[in-house]
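Geometric and topological summary
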Amino acid sequence: MEFGTRVLHTGREVDSVTGAAAVPIYQVSTFRQPGPNRSGPYDYARSGNPTRQALEAIVADLEQALGYAAAQSGV
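Residues numbered from 1 in each chain as written. Predicted model: local features only at pLDDT ≥ 70, side-chain atom pairs only at ≥ 80, totals over all residues. Heavy atoms only, no water.

1. Comments concerning the overall build of the chain
When helices and strands are counted, the chain shows 2 helices and 0 strands. Taken over C-alpha atoms, the radius of gyration comes to 14 Å for the chain, far larger than the 11 Å a tight globule of 75 residues would show. Seen through its C-alpha atoms, the chain measures out along the principal axes to roughly 45 × 30 × 25 Å. Burial analysis of the chain (75 residues in total) assigns 17% to the buried set. Here the analysis covers contacts within the chain between residues at least 6 apart in sequence; of these, 29% occur between residues at least 24 apart. A total of about 6100 Å² of accessible surface is found on the chain, and carbon and sulfur atoms cover 55% of it. (Helix = DSSP H or I, 4+ residues; strand = E, 2+ residues; numbered from the N terminus. Rg over C-alpha atoms; globule rule 2.2 N^0.38 Å. Buried < 20%, exposed > 50% of the residue type's maximum accessible area, 1.4 Å probe, protein only. Contact = heavy atoms within 4.5 Å. Areas by Shrake-Rupley, 256 points an atom, 1.4 Å probe, with all protein chains shown as cover.)

So, in structure tokens, the structure goes:
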């Protein structure tokens, strides 16, 4: 697939939970966990969240890379 086509279509999947046509921005700081001493896929927004995971997947796909790690500066 050409780069321009990937730019237009990557990350444009409809969210199966909310029906959102774009990647939702999750602005929460903490996430519910399955139980005591059992972490879910996300625990605290600065260590990872669904929005950052989507960004990393989209950039990796556009760059045709095996993966991508996004970080924040805190500034």
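Next, the rest of the story.
2. What about the packing of aromatic side chains?
As enumerated under the stated definition, the model contains 1 aromatic pair in all. Ring centres of phenylalanine 31 and tyrosine 42 lie 5.6 Å apart, and the angle between their planes is 45°; this geometry places the pair in the tilted category. With a gap of 11 residues between them, phenylalanine 31 in the loop between helix H1 (3-9) and helix H2 (50-63) and tyrosine 42 in the loop between H1 and H2 connect regions that are remote in the sequence. Pair check on accessibility: phenylalanine 31 and tyrosine 42 agree, each one buried. (Phe/Tyr/Trp six-rings, centres within 6.5 Å; stacked < 30°, edge-to-face > 60°.)

3. Let's talk about unusual backbone geometry
In most cases, non-glycine residues show a negative phi, while peptide bonds are predominantly trans. A positive phi angle, near 60°, is found at asparagine 37, a position not held by glycine. With respect to the helices and strands, asparagine 37 occurs in the loop between H1 and H2. If you check the backbone angles, glutamine 64 has positive phi at about 55° while not being a glycine. Of note, glutamine 64 is situated in the segment after H2.

4. Examining the side chain of arginine 52
Secondary-structure assignment places arginine 52 in helix H2. An unpaired buried charge is present at arginine 52: no salt bridge exists, and glutamate 56, the closest side chain of opposite charge, is 5.0 Å distant. Ignoring anything within four residues of it in the chain, the contact list for arginine 52 reads Ala45, Arg46, Ser47, Ala70 and Gln72. (Lys, Arg positive; Asp, Glu negative; His and termini not counted. Salt bridge = Lys/Arg side-chain N within 4 Å of Asp/Glu carboxyl O.)

5. Regarding the side chain of asparagine 49
Locating asparagine 49 in the fold gives a position in the loop between H1 and H2. At 2.8 Å, the side chain of asparagine 49 forms a polar contact with the backbone nitrogen of arginine 52. Beyond its immediate sequence surroundings of up to four residues, asparagine 49 is in contact with Tyr26, Phe31 and Tyr42. (Polar contact = N/O pair within 3.5 Å; in protein donor to acceptor, adjacent residues only side chain to side chain.)

So yeah, pure geometry; function would need other evidence.
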